[in-house]
Each structure stands twice: as structure tokens, then as C-alpha cells.
Amino acid sequence: MNVEVSGRMVAKVGRAPVIELRDVSKVHKTARQMIRAVCGANIRIEAGEFVSLLGPSGCGKSTLLGLVAGLDQPTSGTITFDGLQRSTSDRRVAVNFQEPALFPWRDTKRNVTIALENRGLGRAQVDAQAERALEAVGLSQFQNIYPSHLSGGMKQRVMLARLLAMNAPVMLMDEPFAALDAITREQMQDLVTRLYSARRFSIIFVTHSIEEALFASQRVIVMCARPGRIVHEVKLDEGYPRTFDWRLSDKVAALRRELHQLMRDLDAGGSGGEDARV
Ligand code: ADP
Ligand code: MG
């Protein structure tokens, strides 16, 4: 399913803040142990930047995203938006998680409007924002369909519409396409980059796929595990849309090889033998 994306379909969002993480660490405490999930992360994300967090399972990507989302607090270090301490109720940030969290008893449209409830908006405005978001992801015809009748790709489109409907200038996405087949996944990457081009939100996109990180974002931040930390960064100056030929270009192939080798080396013990437990 191909979707034309125009600026009209994507609501005006306010300016995104510059997001800055300084020496951010997070230790998860459980009854039995303490896990250093993120260790000394320093990241600056400019307004309107599309950044991927790339790394293997368990390297702290979701933890880091949760900290930026304000769902959790760092153990040490600071997170600022435009230089001010990040407040937990900041509506400039919208977040989506890996599993499509759709309510089976709500149809597509009501699964989108749920993000707008309790915001003091009138029913007409809520409906209009949801309809515009559904149009942007190509689901206008499916507003009254229930999740059990949607494919995996369509469910992720509903999740994307829910994110868009919030009109937040910062969108955080945690491995949104990990469970999709290769072609659907490519279509979704295409859709996200076209939405991004139409209206420059900031996006922090978590993935464990080298290809996905390279194809979608402007900057790839590589993390590794035990303990979770940032080890490398790659900048991509290629604009959007990014063609299929570009994906197969020598430049991208070289970057893929470089990142692949790096991640293999890290996995083979480049982490210096440190343990995540503290
Ligand atoms: P990723 O998203 O890269 O797979 P996570 O941020 O989910 O990594 O996890 C990083 C580390 O922190 C893992 O060792 C994980 O088991 C641990 N962890 C994550 N969340 C919690 C939690 N709420 N309580 C305890 N440990 C956690
Ligand atoms: Mg995760």
C-alpha cells in the first residue's frame, strides 16, 4: 500500500526543543540485583533531527528512550529540553512502543483518539486530529475496522497515526517495525521518512537493524551492552526521499559493513569485560 504524503495531511507541530543528555546513567534495581542499563550517555539532538539508536538487545535503548520520554528518571546526569530540566508532563514528546498496543474493542479511529482523551479537547477537534492522522498513514478507509481485522503493517500504521495525532514535535519510536516482514517494513520506513520530510519533527528511532538505522535516519548512534553505552556515531547527509538505488549504493554498503564489523567486534568482547551488574 503506497501513501502520498503531503504537508496538508500532517498537522502543524510546534518547534522541537533541542534535547540534551549529559552524563546520563540509569541503574535498574530489582529485588536480586542492580543493572547498569545506561552508562554515561552524552547526546545532543537538534530541533528537527532524525536520530536512530542502534544496538543489540539489552544495550539500554528502551531505557534511554524511556528517560527522554520522561517515563523514568535517570540515576545520575541531566536531560534538558532547550536548556531546561525535562519535566515529566511535557506534551512536546509522543512515544510509541514496539508492540502495537491496540485495544481490540476499539475500532481504528477510536484507537487513535485514545491518545487525545483527557486533554480537554472537544469531540470535534479530537475527531479531526485523528482523521487527519489516519489520512496521513493511508488508513482513512479503515476507520471503523477493528484490530483483529488488520494486518501487522496496518496495526503499525494505526500506532503511527496515534503518534501523529498527538501533534508533538518530538516523536520517540521503539523498534516499531521489528515484527514486520521485509517488504512491509521497507514501506513503513518509507512512510515515516516521507512524513518526516513533510513536517520536520524530531524523531528518535530505536532499532537493532543496521539497515533500518541507515535507511531512515540522519544520524545513527551506536550503543553496546554490559554496561549499556554509546560507542560510535555515523552521520548521513543524504536527504529524503531515499531511493532504492541509494539503499544499494556503494556508500551505504560501506557503512553497513563498517557498522556490522563494529557490532561484531563489540559483541566479541570489545566491551572491556565490564559487567552490567553493580
Ligand atoms: P534494549 O532496549 O536495548 O533491549 P533495555 O533498555 O530494555 O535494552 O534493557 C537494558 C538492560 O536493563 C537489560 O539488561 C535489561 O534486562 C535491564 N532492564 C530494563 N528494564 C528494566 C527494569 N525495569 N528492571 C530491571 N532491569 C531492567
Ligand atoms: Mg528495547
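From a predicted model like this one, the values you see are computed outputs, not experimental measurements.

### Quick word on the overall build of the chain
From N to C terminus, the chain includes eight helices and ten strands. By the compact-globule yardstick of 19 Å for 278 residues, the chain fits well, its C-alpha radius of gyration being 19 Å. The principal-axis extents of the C-alpha atoms in the chain amount to approximately 55 × 45 × 35 Å. In the chain, which comprises 278 residues, the share counted as buried stands at 51%. Across the chain, the fraction of contacts at a sequence separation of at least 24, relative to all contacts at a separation of at least 6, is 72%. Summed over its atoms, the accessible surface of the chain is roughly 13000 Å², and 49% of this surface lies on carbon and sulfur atoms. Across the chain, the mean location of the 37 positive side-chain charges is 5 Å away from that of the 31 negative side-chain charges.

### Concerning the sheet that holds strand S10 (residues 229–235)
The strands making up a sheet associate through hydrogen bonds between their backbones, and the pairing can be parallel or antiparallel. Pairing in this open sheet of six strands is mixed, and the strands run S6-S7-S8-S3-S9-S10 from one edge to the other. The sheet is open, and its two edges are formed by strand S6 (93–96) and S10, each paired on a single side. Each strand axis lies, on average, 15° off the axis of its neighbour in the sheet, ignoring direction. The pairing of strand S3 (residues 50–54) with strand S8 (residues 202–207) spans five bridges and is parallel. When the bridges of S8 are listed, Phe50 appears paired with Ile203.

### Some words on the pattern of salt bridges
Under the counting rule described, the total for this entry stands at 19 salt bridges. A salt bridge links Arg110 to Asp127; the nearest nitrogen and oxygen atoms lie 3.3 Å apart. One end of the pair, Arg110, is in helix H2 (residues 108–113); the other, Asp127, is in helix H3 (residues 123–136), and 17 residues separate them in sequence. The buried category is assigned to Asp127, whose relative accessible area is 15%. Arg123 is the salt-bridge partner of Asp127, the closest N and O atoms lying 3.8 Å from each other. Of this pair, Asp127 and Arg123 are both found in helix H3, four residues apart, which corresponds to roughly one turn of the helix. Several salt bridges share partner residues, and in doing so they unite Lys109, Arg110, Arg123, Asp127 and Glu131 into one network.

### Remarks on the packing of H3 against helix H4 (residues 152–165)
Closest axis-to-axis distance for the H3/H4 pair is 8 Å, and the angle between their directions is 130°. In this view, H3 runs oblique relative to H4, as classed from their interaxial angle. The handedness of the crossing between H3 and H4 comes out as right-handed. Between H3 and H4, the contacting residues are Gln129, Ala130, Ala133, Leu134 and Ala136 on the first element and Ala161, Leu164 and Ala165 on the second. Of the residues contributing to the contact of H3 with H4, the split by class is seven nonpolar, one polar and no charged.

### Details of the environment of Met263
If you trace the backbone, Met263 turns up in helix H8 (residues 250–270). Spatially, the C-alpha atoms of Met263 and Leu71 are 28 Å apart, while their sequence positions differ by 192 residues. When residues no more than four places from it in sequence are discounted, the contact partners of Met263 are Leu54, Gly55, Pro56, Ile210 and Val222.

### As for the site of ligand 1
The environment of ligand 1 is formed by His28, Thr30, Ile35, Ala37, Pro56, Ser57, Gly58, Cys59, Gly60, Lys61, Ser62 and Thr63. In this structure, Cys59 approaches ligand 1 through a main-chain N or O atom, which is 3.1 Å from an oxygen atom. Broken down by secondary-structure element, the contributors of at least two residues to the shell around ligand 1 are strand S2 (34–45) and helix H1 (61–69). Considering every element that reaches the shell around ligand 1, the biggest residue donor is H1, with three residues. Considered class by class, the residues forming the shell around ligand 1 number four nonpolar, seven polar and one charged.

### A short note on the pairing of strand S4 (residues 76–81)
Bridge count between strand S1 (residues 19–29) and S4: five bridges; the pairing is antiparallel. Along S4, the bridge assignment pairs Arg22 with Thr78. As defined by bridge partners, S4 adjoins strand S5 (residues 84–85) across two bridges and the pair is classed as antiparallel. Bridged to Phe81 within S5 is Leu84. Counted between consecutive antiparallel strands, the loop separating S4 from S5 contains two residues, among which Asp82 sits at a positive phi close to 50°.

Reading guide: rules and limits
- Residues numbered from 1 in each chain as written.
- Chains lettered and ligands numbered in written order.
- Predicted model: local features only at pLDDT ≥ 70, side-chain atom pairs only at ≥ 80, totals over all residues.
- Heavy atoms only, no water.
- Helix = DSSP H or I, 4+ residues; strand = E, 2+ residues; numbered from the N terminus.
- Rg over C-alpha atoms; globule rule 2.2 N^0.38 Å.
- Buried < 20%, exposed > 50% of the residue type's maximum accessible area, 1.4 Å probe, protein only.
- Contact = heavy atoms within 4.5 Å.
- Areas by Shrake-Rupley, 256 points an atom, 1.4 Å probe, with all protein chains shown as cover.
- Lys, Arg positive; Asp, Glu negative; His and termini not counted.
- Charge placed at Lys NZ, Arg CZ, Asp CG, Glu CD.
- Pairing = 2+ DSSP bridges.
- Axes fitted to C-alpha atoms, helices over the stretch in contact; angles between N-to-C directions.
- Salt bridge = Lys/Arg side-chain N within 4 Å of Asp/Glu carboxyl O.
- Parallel < 35°, antiparallel > 145°, perpendicular 65-115°, else oblique.
- Left-handed = near helix turned anticlockwise from the far one by under 90°.
- Nonpolar A, V, L, I, M, F, W, Y, C, P; charged D, E, K, R; others polar.
- Near = heavy atom within 4 Å.
- Polar contact = N/O pair within 3.5 Å; in protein donor to acceptor, adjacent residues only side chain to side chain.

Geometric values such as these leave the question of function open.
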